[in-house]
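Below are the chains, spelled out letter by letter.
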Amino acid sequence: MASLIFTDCSSSTMLRHNHLNRRNGSYLPRPCASLRSTASGRGCTLSIRSSSSPFAIVINGKAEAKKIRDDIKTEVSRMKESIGVVHGLAVILVGENKESATYVRNKKKACESAGIQSFEVLLPEDSSEEEVLRSVSGFNDDPCVHGILVQLPLPSHMDEQNILNAVSIEKDVHGFHPLNIGRLAMRGGEPLFVPCTPKGCIELLHRYNIEIEGKRAVVIGRSNIVGMPAALLLQREDATITIIHSRTENPEEITREADILISAAGQPNMVRGSWIKPGAVIIGVGTKRVEDSSDARGYRLVGDICYEEARKVASAFTPVPDGVGPMTIAMLLLNTLASAKKIHNFQ
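Residues numbered from 1 in each chain as written. Predicted model: local features only at pLDDT ≥ 70, side-chain atom pairs only at ≥ 80, totals over all residues. Heavy atoms only, no water.

Chemist: How should the overall build of the chain be read in this particular structure?
Modeler: Within the chain, the regular secondary structure consists of 10 helices and 13 strands. Total accessible area on the chain stands at roughly 15000 Å², and carbon and sulfur atoms take up 48% of it. (Helix = DSSP H or I, 4+ residues; strand = E, 2+ residues; numbered from the N terminus. Areas by Shrake-Rupley, 256 points an atom, 1.4 Å probe, with all protein chains shown as cover.)

Chemist: Explanation requested: empty space enclosed by the protein in the structure shown.
Modeler: It is a probe the size of a water molecule, rolled over the atoms, that shows where empty space is left. The volume enclosed by the second largest cavity comes to roughly 40 Å³. In terms of lining residues, the second largest cavity is bounded by Ile-148, Val-150, Leu-164, Val-167, Asp-172, His-174 and Phe-176. Within the lining of the second largest cavity, the residues separate by chemical class into five nonpolar, one polar and one charged. (1 Å grid on protein atoms, 1.4 Å probe; cavity = no way out; pocket = protein on both sides within 12 Å on 5 of 7 lines; lining within 4 Å. Points joined across faces, edges and corners; volume = space filled by probe spheres on them. Nonpolar A, V, L, I, M, F, W, Y, C, P; charged D, E, K, R; others polar.)

Chemist: Please clarify how the nonpolar core should be interpreted in this entry.
Modeler: When a protein is soluble and globular, its nonpolar side chains tend to lie buried together. With 72 residues, the main nonpolar core has Ile-72, Ile-92, Leu-205, Leu-234 and Ile-283 as its most contacted residues. Take this core: its biggest share by element is 10 residues, from helix α10 (residues 324-343). Three or more residues apiece are contributed to this core by two domains, here domain 1 (2-59 + 197-327) and domain 2 (84-174). The residues contacting Leu-234, other than those within four sequence positions of it, are Ile-202, Leu-205, Ile-212, Ala-217, Val-219, Ala-239, Ile-241 and Ile-262. (Core = buried A, V, L, I, M, F, W, Y, C linked by side-chain atoms within 4.5 Å. Buried < 20%, exposed > 50% of the residue type's maximum accessible area, 1.4 Å probe, protein only. Domains from an automatic or database assignment. Contact = heavy atoms within 4.5 Å.)

Chemist: For this particular structure, what's the right way to read helix α2 (residues 98-114)?
Modeler: In an α-helix there are 3.6 residues to a turn, and that puts residues three or four apart on one side. The first and last C-alpha atoms of α2 sit 24 Å apart over 17 residues, in line with the 24 Å expected at 1.5 Å per residue. The elements touched by buried residues of α2 are α1 (61-83), β4 (88-94), β5 (117-123), β6 (147-150) and α10. The opening residue of α2, the one whose side-chain oxygen lies 3.0 Å from the backbone nitrogen of Glu-99, is Asn-97. Taken from the residues just after α2, Gly-115 is the one with a positive phi, measuring 85 degrees. (Expected span 1.5 Å × (residues − 1). Polar contact = N/O pair within 3.5 Å; in protein donor to acceptor, adjacent residues only side chain to side chain.)

Chemist: What's the story with the sheet that holds β5 in this structure? I'm lost.
Modeler: The pairing of strands in a sheet happens through backbone hydrogen bonds and is either parallel or antiparallel. Taken in spatial order, the three strands make up an open sheet running β5-β4-β6, and their pairing is parallel. Across the chains shown, the open sheet's two edge strands, defined by having one partner strand only, are β5 and β6. Averaged over all pairs of adjacent strands, the angle between their axes in this sheet comes to 15 degrees, without regard to strand direction. Where β4 and β5 come together, seven bridges link them in parallel fashion. Residue pairing for β5: Leu-89 is matched across the bridge by Ser-118. (Pairing = 2+ DSSP bridges. Axes fitted to C-alpha atoms, helices over the stretch in contact; angles between N-to-C directions.)

Chemist: When you look at the pairing of strand β9 (residues 260-263) in this model, what are you seeing that I'm missing?
Modeler: The side chains of a regular strand alternate between the sheet's two faces. With burial as the criterion, each face of β9 is covered, one bearing Ile-260 and Ile-262 and the other bearing Leu-261 and Ser-263. Pairing geometry for strand β7 (residues 216-220) and β9, over four bridges, is parallel. Paired with Val-218 across the two strands is Leu-261, which belongs to β9. Of the pairings in the sheet, the one linking β9 to strand β10 (residues 281-284) comprises four bridges and is parallel in character. By the bridge assignment, Leu-261 is partnered in β10 with Ile-282.

Chemist: Help me understand the packing of helix α6 (residues 196-207) against helix α7 (residues 227-236) in this model?
Modeler: At a minimum axis separation of 8 Å, α6 and α7 run at an interaxial angle of 40 degrees. As the angle between them shows, α6 and α7 are arranged oblique. In this structure, the crossing between α6 and α7 has a hand that is right-handed. For the pair α6 and α7, contact is made by Pro-198, Lys-199, Ile-202 and Leu-205 and by Pro-229, Ala-230, Leu-233 and Leu-234, respectively. Its residues placed into classes, the contact of α6 with α7 shows seven nonpolar, no polar and one charged. (Parallel < 35°, antiparallel > 145°, perpendicular 65-115°, else oblique. Left-handed = near helix turned anticlockwise from the far one by under 90°.)

Chemist: Explain α7 here, please?
Modeler: In terms of burial, α7 is a largely internal element, seven of the 10 residues being buried. Within the sequence span of α7, burial applies to Gly-227, Pro-229, Ala-230, Ala-231, Leu-232, Leu-233 and Leu-234. The elements touched by buried residues of α7 are α5 (178-185), α6, β7, β8 (240-244) and β9.

Chemist: I keep staring at the packing of aromatic side chains and nothing clicks. Help me out?
Modeler: For the structure on display, the rule yields two aromatic pairs. On the basis of an interplanar angle of 55 degrees and a centroid distance of 6.5 Å, the ring pair of Phe-119 and Phe-139 is categorised as tilted. With Phe-119 in strand β5 and Phe-139 in helix α3 (residues 129-141), this residue pair connects regions lying 20 residues apart in the sequence. For the pair Phe-119 and Phe-139, a shared accessibility class is recorded, and that class is buried. With 5.4 Å between their ring centres and 35 degrees between their planes, Tyr-307 and Phe-317 make a pair best called tilted. Within this pair, whereas Tyr-307 is found in helix α9 (residues 307-310), its partner Phe-317 is found in strand β13 (residues 316-317), the two being separated by 10 residues in sequence. (Phe/Tyr/Trp six-rings, centres within 6.5 Å; stacked < 30°, edge-to-face > 60°.)

Written out as structure tokens, the structure is:
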């Protein structure tokens, strides 16, 4: 029996509506109904390739995220020119988690590129919960801020849920407020915002024209940030869902039945080729820094999936880096755009 140890993986008039569905002011992924182009410009069908083909297609999250950010930039500019509103996204980072700091830095660059104003509060590791709550309250009341992100994980001495609950639901662009999660879980529920990483995963499946309805989908990991909302989104797409977690026995037997596998365990190379059903689609969310003296940074990013093995079995997969990560930031900006439109009643 395989032994699993899990790490909580903390780590889009005129947006392309053929990719995103806007319902009652909320942007939710929808099943695709028409042929779309891949990042390489080639058309792809619902069956990406047969299981007998030698290698899998690479799902280029970086290229797709760039398209979404370009659309967002156009809408941000249109809104500014029409009503004079500059979009604002605020981030609160507590401590010096390297992965979190990298994400915040990339988010800031993406905001600048899209014309969104970026606000930051950087607090030391030993800050009190009250200090964080004061920052949240200040951004809740600031009319220049349309989205608030409290970067997770928070230090262990803080009540994470209490802090997330304090974020105004109208500005909860990471989608972690309990009301947003609750509405996501309810059949027919309409969350104001959907968590960014799971939303990005589903959007990639749509953009590569991968059929979800009726398929067997397996999610590795059950965190509130990725695993649980990813499973809820797949369920909304009428997939049949199984969640694998640290207490699951013989997980490889379950993953071998998956048409779609989303892994958010944070364990390098955990999912081997023998775990994968021939022709399956693999979305790798979990990443880990691994020391590597040959890299100028002194480390390299390694995903949950053993890609050298997976690409010989799967039909398509997301790489590390340039897979899900860029989509997470694109979805964050997209949610911020949607928030500003709701607040200012802009169509």
